[in-house]
Structures are given as structure tokens and as C-alpha cells.
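Each chain, written out:
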Amino acid sequence: MSHVTRFAPSPTGYLHLGHAFAALTAWRRARDSGGRFLLRLEDIDAGRCRPEFSEAVLEDLAWLGIDWDGPVRVQSAHRQEYRAVLDRLASRALLYPCFCTRAEIAREVAAAAGAPQGPDGPRYPGTCRTVSAGARAARCASGVPYALRLDMARALAVAPAGLMVSEEGEAPVSCDPRPFGDVVLGRKDMPASYHVCVIHDDARQGVTLVTRGSDLKPATHLHRLLQALLDLPAPNYHHYPLIADNLGNRLAKRNDAVTLRSLRSAGTTPSDIRARFGL
Ligand code: GLU
């Protein structure tokens, strides 16, 4: 079976060894199966992404010997599409505006003593879910910034029954996105959250196999629900353990993990990197 895979970095820093593994994994799966390998720049968070990092992604991939099919999809060029996705969910009353600040949510969670923990942090206690339609409209009109949250209970009530999540090499499991609670899908500071953009883009780009780190495995349940609500096809998934440094710490841009640029200037070659991963 030929796979359509993708590498979808957020250009918030230079690519490091973890990204090299992610890109090589997706690229090999596509090339070995005679499929297509796509590139997407997840630069929707304008506050954290920088154009020079986007350029560096292309250069570093080319240095690694990775080629991609078709044009690069750049999320910041598709803001209207993400807006339209949110509008579709809103038209079915699956979203509600949330006016809470982070500090207010932290206080509410503390007051609720033991609010359940979701994959992205403590589960939102639902404060704004019960604000009356009139009060909502007035607050939105007054220009107070707000996020858009999924009404999880409603979403589950209207979603088709029996949704399954498929991880390659594992038996399908039933989709259970409830740990996310009323997750934020529309953000105050950017057009839509990662969860909305990723399922829209994977469908738009015709991705059939999503390969990514196991930190995102729980999110697959939320993604499956959103795909069902939006009539999008569900790709197959392959999550791999995150690459750790020599001390066993997860590699991340923020902890100065070894970037491909610094490895390169220290004399590391692309074949050294491929050999390290057996790719
Ligand atoms: N932009 C995301 C990241 O860099 C990609 C997540 C995904 O592959 O779905 O972690």
C-alpha cells in the first residue's frame, strides 16, 4: 500500500535531531511505498514562529537529502480556511466563547479541588458553557477577547457512535476524547488551535499515514472526533517514541537540543544522522 505522509514542523526554532528523525521517518515511509511525502509549515502561531526558521527548515531538509512532493503548505496562508472550519462547528452549536483568563481558570481549578487532569493540562471546569446567550452576545460585542471551546458533551452526542482510532500495528481502539474536556479550538491570539489546523490540513493534503511523536498519541482521539464532526477521512497513525539526548531528556527546541546546523558545522554529515537512526 502506498502512503501519503507529511512532516509538519512549527518554525519556532532550528530543526534538531528529533526533527531529523521525524522527517526521515515520514519520508522513508512514503518513498519505500511508492507514495508521496509532503511538507507543511505549521506557522499559525505568529507570536512564536519566525520566517527565518521557516527558511532554515527547507535548507536543513535539503541538506539531509530529503525531497518533498508538490508545494509546501504554509498554514499562515490559510487562515480563512481554519476560520471556516470553526464556523461549521459553531453553526451546529458545538462551540462556545470562553472569556476566562488563565489566572481565572487556575483559580477555578484550585477551588474545584482535584479537577481532572486532561492531556493538555487540568480540564476546563466549564464556567463559560452556561453563560446565557444574551450575556455571551453582549460580552463578544464589547470587544473582550475570547477563545472558542468545543462543547464536548454536545459533540459526543452528535458524533456517530462507534468511532475507532487506528494505530498501525495495533488493534483499533474506541475513540475516547473525553479527557480533553471542553478543549480550546479557536484561540484569542491566533485563528485556530493546532487540533483544528492539523485535521483540516491532513485532509486537504490527502495524508493517509500520520507519523509523529508519541506525545501526540492521546490527541488522536480528539482528532478522530473532529474528523467525524467535519466529515473528513481518518488517516492511519504511527506514533514513535521521542528521541532523547544522551542524558535521557526529551529533545526540544527550548532546551538547546543539538540543532542540525550546529551538528553540521561540527562536521556531522547527513549519512552520520541517517546511520544513527537506521534510516
Ligand atoms: N507542528 C507539530 C510539531 O512540530 C506537528 C504535529 C503533528 O505532526 O501532528 O510538533
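See the structure shown above.
For the structure given in this document, a descriptive report is provided here. (Residues numbered from 1 in each chain as written. Predicted model: local features only at pLDDT ≥ 70, side-chain atom pairs only at ≥ 80, totals over all residues. Heavy atoms only, no water.)

Observations concerning the sheet that holds strand 4 (residues 95-98)
Note the cut-off: Criterion used throughout: strands pair if DSSP finds at least two bridges between them. By definition, any uninterrupted DSSP run of H or I lasting at least four residues is a helix, any uninterrupted run of E lasting at least two residues is a strand, and each is numbered from the N terminus. Convention adopted: a line fitted to C-alpha atoms gives each axis, helices being fitted over their contacting stretch, and angles between N-to-C directions are expressed from 0 to 180 degrees.
The strand order across the open sheet built from three strands is 4-7-10, with neighbouring strands paired in antiparallel fashion. What marks the edges here is a single partner per strand, and that holds for strand 4 and strand 10 (184-186). Pairwise comparison of adjacent strand axes, ignoring direction, gives a mean angle of 45 degrees for this sheet. In the sheet, strand 7 (residues 147-150) pairs with strand 10 via two bridges, with the strands oriented antiparallel. Residue R149 lies in a different strand from strand 10, and its bridge partner there is V184.

So, unusual backbone geometry
In plain terms, the rule: A 1.4 Å probe rolled over the protein chains alone gives each residue an accessible area, and that area as a share of the maximum for its type sets the label: buried under 20%, exposed over 50%, partly exposed in between.
Positive phi values are uncommon outside glycine, yet A93 reaches one of about 60 degrees. The topology assignment puts A93 in the loop between helix 3 (79-91) and strand 4. Since its relative accessible area comes to 40%, A93 is described here as partly exposed. Positive phi is not limited to glycine here, since D231 has a value of about 55 degrees. Following the sequence through the fold, D231 ends up in the loop between helix 8 (219-229) and strand 12 (236-240). Note on D231: relative accessible area 66%, which makes it exposed.

Considerations on the sheet that holds strand 2 (residues 36-41)
An order of 1-2-3 is seen for the three strands of this open sheet, with the pairing classed as parallel. Strands at the two margins of the open sheet, each flanked by one partner only, are strand 1 (4-7) and strand 3 (73-74). Sheet analysis places strand 1 next to strand 2, joined by four bridges and oriented parallel. Note that in strand 2 the partner of R6 across the bridge is L38.

Thoughts on the nonpolar core
Going by this rule: Residues enter a nonpolar core if they are buried and are Ala, Val, Leu, Ile, Met, Phe, Trp, Tyr or Cys, with the set joined through side-chain atoms within 4.5 Å. Contact criterion: two residues are considered in contact whenever any of their non-hydrogen atoms come within 4.5 Å of each other.
Of all hydrophobic cores here, the largest spans 27 residues; its most connected members are L89, L150, L185, L226 and L229. For this core, the secondary structure elements donating two or more residues are helix 3, strand 7, helix 6 (152-158), helix 7 (194-204) and helix 8. No other element matches helix 8, which puts five residues into this core. For L226, the contacting residues outside a window of four places in its chain are L89, L150, L185, H195 and I199. Counting 25 residues, the second-largest nonpolar core is a separate cluster that includes F7, L17, A23 and L61.

Considerations on the packing of helix 1 (residues 17-32) against helix 10 (residues 270-277)
Stated precisely, the cut-off is as follows: For classification purposes, angles smaller than 35 degrees are called roughly parallel, those larger than 145 roughly antiparallel, those between 65 and 115 roughly perpendicular, and all remaining angles oblique. Charged means Asp, Glu, Lys or Arg here, nonpolar means Ala, Val, Leu, Ile, Met, Phe, Trp, Tyr, Cys or Pro, and polar covers whatever is left, Gly included.
Helix 10 packs onto helix 1 with a crossing angle of 75 degrees between their chain directions and a minimal axis gap of 10 Å. It follows from the interaxial angle that helix 1 and helix 10 lie roughly perpendicular. Between helix 1, through L17, A20, F21, L24 and W27, and helix 10, the contact on the second element is made entirely by I273, R274, R276 and F277. The class makeup of the residues in the contact of helix 1 with helix 10 is seven nonpolar, no polar and two charged.

Regarding the packing of helix 3 against helix 7
Running from N to C, helix 3 and helix 7 point in directions that differ by 110 degrees, and their axes come no closer than 10 Å. Taken together, helix 3 and helix 7 sit at an angle that is classed as roughly perpendicular. Between helix 3 and helix 7, the contacting residues are E81, Y82, V85 and L86 on the first element and V196, C197, H200, D201 and R204 on the second.

What about the site of the ligand?
Stated formally: Each residue is tested against the molecule or strand, and it is near if at least one of its non-hydrogen atoms lies within 4 Å. Polar contacts, as counted here, are pairs of nitrogen or oxygen atoms within 3.5 Å of one another; within protein the pair requires one atom able to donate a hydrogen and one able to accept it, and residues that are adjacent in sequence qualify only if both atoms are side-chain atoms. Per-residue and other accessible areas were derived by the Shrake-Rupley procedure at a 1.4 Å probe size, with only the shown protein chains allowed to occlude residues.
In the vicinity of the ligand, the contacting residues are R6, A8, P9, S10, E42, Y194, V198, R212 and L216. Between the ligand and A8 there is a distance of 2.7 Å, counted from a nitrogen atom to a backbone nitrogen or oxygen. Within the complex, 76% of the 300 Å² of free accessible area of the ligand lies under protein. Here the shell around the ligand is built from residues that sort into five nonpolar, one polar and three charged.

Looking at helix 8
A large share of helix 8 lies buried, amounting to eleven of its eleven residues. Those residues of helix 8 lying buried are A219, T220, H221, L222, H223, R224, L225, L226, Q227, A228 and L229.

Some words on helix 2 (residues 51-64)
Put simply, the rule is: Expected span, for any helix, means 1.5 Å times one less than how many residues it has.
Counted at 1.5 Å a residue, the expected span for helix 2 with its 14 residues is 20 Å, and the 20 Å between its end C-alpha atoms agrees. Of the residues making up helix 2, those classed as buried are F53, S54, A56, V57, D60, L61, W63 and L64.

Topic: the pairing of strand 7
What you see with strand 7 is no split at all: A147 and R149 on one side and L148 and L150 on the other are buried throughout. Here four bridges tie strand 4 to strand 7, and the two strands are oriented antiparallel to one another. Bridge pairing in strand 7 links P97 to L148.

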